[in-house]
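Examination of the molecular architecture
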Amino acid sequence: MRFLAWAQLLATAAEAAFTWQNVKIGGGGGFVPGIVFHPTTKGVAYARTDIGGLYRLNSDDSWTAITDGITDNDNWHNWGVDALALDPQDVNVVYAAVGMYTNDWDPKPGSIIRSSDKGATWKTTALSFKVGGNMPGRGMGERLAVDPANSKILYFGARSGNGLWKSTDAGATFTKVSSFTAVGTFIPDPNDVGGYNGDKQGLAFVTFDSTSGTTNGATKRIFVGTADNTTASVYVSEDAGATWNPVKGQPGKYFPHKCVLQPAEKALYLTYSDGTGPYDGTLGAVYRYDLATSTWKDITPVSGGDLYFGFGGLGVDMKKAGTIVVASLNSWWPDAQIFRSTDSGATWSKIWAWSSYPNMDLYYAQSASKAPWIKTGFLDTDTKDLGWMIEALVIDPLDSDHWLYSTGLTVFGGHDLTKWDSAHNVSIQSLADGIEEFAVQDLASPPGGSELLAAVGDDSGFTFKDAASLKVSPNTPWMNPIWTTSSSVDYAGTSVKNIIRIGNSAGSQQAAVSSDGGVTWNNYPGADTTLNGGTVAYSANGDTVLWSTASNGVQLSKNQGSFSAASSLPSSAVIASDKQNNTVFYGGSAAAFYVSTNSGASFSKAGALGSATAVRDIAAHPTKAGEVWVSTDVGVFHSTNYGSSFTQPSTTLKNTYQIALGKGSGTTWNVYAFGTGSAGAKLYGSADDGATWTDIQGSQGFGSIDSCKLAGSGNTANQVYVGTNGRGVFYASGTIGKRSTAFSA
């Protein structure tokens, strides 16, 4: 009898049925520069973020992300949103200007995106220049506006000296408005050529005057603000954009941030600051411009020694003429200040006041039940309860009680704003449920330990003890110590409740340990104040720490003692610990792979990695000593002998970045990696030790794959976590297709 063996490759390029959702950190976690309500439909609003895309408001005060589908690896910059506009005549239509940076950090020009179904789908119009959703001045605006009399007409104010642009076909195409010659020449730091602060800030806002009538179907009067603080920064057209002139009598001292029309008053309200924001602001003003008399009035709420900030956020009540709310930009101590006027700025009241220094009378009650970590980690520990970087402040035009304002941390707001006028006390709560704007720095999922450890930027980090907790906003961030940013986290493989994390703030101890799985923390005794940033590896038993620091090379500490240089590893080396053998650490730099078998005292070069020239990540098997996976510029390599030798299981996945292992079906373990494979630059999974790779990302956008963080679950079968730079942590579960062999006689 003859036996014929033949192999079949099944589902090697198929897309796995993975459905992605956010781990619920909640509360926003980042800066929201702009919020826009629809003018004629109650409760319809959108929020733009600087690194996390657009969100749509839901009826229960939660938010839904609506730009994930256009933020794949090639279009990562679409998560930077510099301007937002709604069509007053069509509640389903939304526009945004997208692009992250105007310097060479972002290689591509920006775009205007448009949707006719509230963000469910998008069309894109490419621009010939860059857009700066995460650049200085991003809280100004809105730079994009739809003509209230003609839905075909849009104007967009660009950065970098690119001037004013117009569309007459509902955003399908744009042409430059040659008659508008102001470009917004202010540069925050002219010496920072090519850097973050070295570009012209450009135009600040576009505001239509709907009371001015029309010319040939277009609104006659249009105002445009520019980033200038000399003689003119507000311009007007009286002929539907054909010609432009500086508005007479305007203040020339500060930069305009917001400009809002109150049509019943026939007046504009404008906020000014001496910086373009969002971090600066030491002086400023608030003005009212009367459209009927063409006169300006300074209505700044405070003066003299009480004025030590600029003004940004501006809410105008469309149902109660003369009622406005403005916010300081920035009052870093003791807190932000918010002012309200019901008589067009003639008089003002504050949301807090000094009673008898240092005591304050607070005319508000504040809560964060939707994201409890905001209260425990920030409101209870800082004086800045109201926030900072308040550039977005809006009142629902159809509901005078509903207001929202955003900070560098969250979106606050409430539903009883008019009580300010009667009881002089309002309820403020965090209303950012659904907004996940966290910049994730590292992830870990210890087998038999906490389900997920997430190190994040700006908000320290978070522990999720089990699978159920992934859907519940944590009660606390990582505290005691709490740092602005935790750059790395790791666990001891044979003692998984022992966790170490690293921070990136200079001047204080930036290493902390936990013995209860990341619930409580203490400073690591051996860390001094000179070490920070980088990545960390914890030995299997938790008695040795290897730390590849941001600026002091690779450091080693044993038994909580002082750190000393691990001189046999190059600076900035990629590091990892063997999760079962306490004496073994791994390292990688350039094309070389290193191994230490004496608890990091010395490292030696080990097995070769083919033609690789860059080791990018190392993942030790969570339960098998000596098994290690290495991600490189030419793909993934695998060793089962402590890196003495490597094989490349497949060449179909190339140019890989982060790699991780996670519990698979039964006793198996899956391998996950970001790289370029059959479906492009995406996240792939393998259930057959890297022999075949399946696209498990699908249509979900994670932004640039080289900035994503990755962890396979050590406890939940076939579950994987992705940390993004601006959209928090995603997770999904699914069975990965693998190679099978069939035999026939």
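What counts, and at which threshold
- Residues numbered from 1 in each chain as written.
- Predicted model: local features only at pLDDT ≥ 70, side-chain atom pairs only at ≥ 80, totals over all residues.
- Heavy atoms only, no water.
- Phe/Tyr/Trp six-rings, centres within 6.5 Å; stacked < 30°, edge-to-face > 60°.
- Helix = DSSP H or I, 4+ residues; strand = E, 2+ residues; numbered from the N terminus.
- Lys NZ or Arg CZ within 6 Å of the ring centre and 35° of its normal.
- Core = buried A, V, L, I, M, F, W, Y, C linked by side-chain atoms within 4.5 Å.
- Buried < 20%, exposed > 50% of the residue type's maximum accessible area, 1.4 Å probe, protein only.
- Contact = heavy atoms within 4.5 Å.
- Pairing = 2+ DSSP bridges.
- Axes fitted to C-alpha atoms, helices over the stretch in contact; angles between N-to-C directions.
- Salt bridge = Lys/Arg side-chain N within 4 Å of Asp/Glu carboxyl O.
- Lys, Arg positive; Asp, Glu negative; His and termini not counted.
- Polar contact = N/O pair within 3.5 Å; in protein donor to acceptor, adjacent residues only side chain to side chain.
- pLDDT = per-residue confidence, 0-100.
- Patch = residues over 30% accessible without salt bridge, like charges linked within 9 Å, V, L, I, M, F, W, Y side chains within 5 Å.
- Areas by Shrake-Rupley, 256 points an atom, 1.4 Å probe, with all protein chains shown as cover.

Another aspect to go through is the packing of aromatic side chains. A full pass over the atoms with the stated rule returns 37 aromatic pairs. Measuring from centroid to centroid gives 5.1 Å for F129 and W165, while their planes differ by 45°, and the two rings are tilted. In this pair, F129 is assigned in the loop between strand 10 (123-126) and strand 11 (144-146) and W165 in strand 13 (residues 164-167), connecting sequence segments 36 residues apart. Three or more aromatic residues joined by ring pairs form one cluster here, namely F18, W20, F674, F702 and F730. Positioned over the ring face of Y491 is K579, at 4.3 Å from the centre of the ring. Residue placement shows R616 over the ring face of Y657; its charged tip is 4.1 Å from the ring centre.

Core analysis: the biggest nonpolar cluster contains 43 residues, and I338, I351, W373, W403, Y405 and I428 have the highest contact counts within it. No other element matches the 4 residues that helix 1 (residues 372-379) contributes to this core. Excluding anything up to four places from it in sequence, Y405 contacts I338, L386, I390, A392, L393, T410, V411, F412 and I428. Counting 19 residues, the second largest nonpolar core, distinct from the first, contains M140, F255, L270 and Y272.

Here we come to the sheet that holds strand 49 (residues 615-620). On the basis of which strands lie adjacent, the open sheet formed by 3 strands has the order 49-50-51 and antiparallel pairing. Each edge of the open sheet carries a strand with a single partner, namely strand 49 and strand 51 (635-639). Taken over all neighbouring pairs, the strand axes of this sheet differ in orientation by 20° on average, direction set aside.

One open sheet holds the 4 strands; their spatial order is 11-12-13-14, and the pairing between them is antiparallel. Both outer strands of the open sheet, strand 11 and strand 14 (175-176), are each paired with one neighbouring strand and no more. Pairing of strand 11 with strand 12 (residues 154-157) involves 3 bridges; the strand directions are antiparallel. For A145, the partnering residue across the bridge sits in strand 12 and is Y155.

Turning our attention to the environment of N103. As for its placement among the helices and strands, N103 is situated in the loop between strand 8 (90-98) and strand 9 (111-115). Given a relative accessible area of 7%, N103 falls into the buried group. In the structure, N103 is positioned 401 residues away from N504 in sequence and 25 Å away in space, judged by C-alpha atoms. Once you skip the residues sitting within four places of it in the chain, N103 turns out to touch K130, G194, G195 and Y196.

Regular strands place their side chains on alternate faces of the sheet. Taking burial as the measure, the 5 residues of strand 35 (residues 452-456) include 5 buried ones, the bulk of the element. Taken together, the 4 bridges between strand 34 (residues 440-444) and strand 35 define a ladder with antiparallel strand orientation. Among the inter-strand pairings, D442 is bridged to a residue of strand 35, identified as A455. By the bridge criterion, 4 bridges tie strand 35 to strand 36 (residues 461-464) in an arrangement that is antiparallel.

Turning next to unusual backbone geometry. Cis peptide bonds are those with omega within 30 degrees of zero, and the linkage from G277 to P278 qualifies with 5°. Positionally, P278 belongs in the loop between strand 20 (267-273) and strand 21 (284-290). Residue P358 is reached from Y357 by a cis peptide bond, and omega for that bond is 10°. By the secondary structure assignment, P358 is in the loop between strand 27 (352-354) and strand 28 (360-362). You will see that S294, though not glycine, has its phi angle at about 55°, which is positive. With respect to the helices, strands and loops of the structure, S294 is situated in the loop between strand 21 and strand 22 (295-298). According to the relative accessible area criterion, S294 is partly exposed, its value standing at 44%.

One pass over the structure, following the stated rule, counts 15 salt bridges. Taking the shortest distance from any N to any O, the salt bridge between R221 and E238 comes out at 3.0 Å. In this pair, R221 is assigned in strand 16 (residues 218-226) and E238 in the loop between strand 17 (234-237) and strand 18 (245-246), connecting sequence segments 17 residues apart. Here K384 and D382 are joined by a salt bridge, their closest N and O atoms 3.3 Å apart. Overall, the relative accessible area of 17% leaves K384 in the buried class. Put simply, D82, R143 and R159 are held in one network by salt bridges that share partners.

Right, let's get into the pairing of strand 37 (residues 486-492). Burial runs high along strand 37: 7 of the 7 residues are buried. Pairing of strand 37 with strand 38 (residues 495-503) involves 6 bridges; the strand directions are antiparallel. Within the sheet, the bridge partner assigned to V489 lies in strand 38 and is R501.

It is worth spelling out the environment of A454 at this point. Along the polypeptide, A454 turns up in strand 35. The buried category is assigned to A454, whose relative accessible area is 0%. Placed 308 residues apart in sequence, A454 and V146 show a C-alpha to C-alpha distance of 41 Å. Setting aside residues no more than four positions away along its own chain, A454 makes contact with D442, L443, G461, F462, W478 and V729.

Structurally, the position occupied by D228 is in the loop between strand 16 and strand 17. Within the buried set, D228 has no salt-bridge partner at all; the shortest N-O distance to an opposite charge, 9.0 Å, is to K200. Polar side-chain contacts of D228 include one of 2.7 Å to the side chain of T226. The contacts of D228, once residues within four sequence positions are left out, are G184, T185, F186, S233, Y254, F255 and P256.

It is worth spelling out the confidence of the model for the protein at this point. Summing up the model confidence of the protein, the mean pLDDT is 95 and the portion of residues at 70 or higher is 97%. Of all secondary-structure elements in the protein, the lowest mean pLDDT belongs to strand 59 (residues 740-744), at 32, while strand 11 reaches the highest, 99. Taken as a whole, residues 1-15 scores under 50 in pLDDT and shows 25 contacts with residues more than four places along the chain or in a different chain. Confidence drops under a pLDDT of 50 for residues 740-745, and excluding neighbours within four residues, the segment shows 11 contacts in the predicted structure.

With that settled, the discussion passes to the environment of F378. Note on placement: F378 falls in helix 1. Judged by relative accessible area, F378 falls into the buried class, the value being 15%. In sequence terms F378 and D459 are 81 residues apart; their C-alpha atoms lie 9.2 Å from each other. Excluding residues within four positions of it along the chain, F378 makes contact with W373, L409, D458 and D459.

With that settled, the discussion passes to the side chain of D335. Relative to the elements of secondary structure, D335 occurs in the loop between strand 24 (324-329) and strand 25 (338-341). Although buried, D335 forms no salt bridge, and the nearest oppositely charged side chain, K384, lies 7.4 Å from it. Not counting the four nearest positions on each side in its chain, D335 is found in contact with W352, Y364, T383, K384, D385, L386 and G387.

There is a patch of nonpolar side chains on the surface, built from W333, W354 and Y357 and spanning about 390 Å² of accessible area. Structurally, W333 is set in the loop between strand 24 and strand 25.

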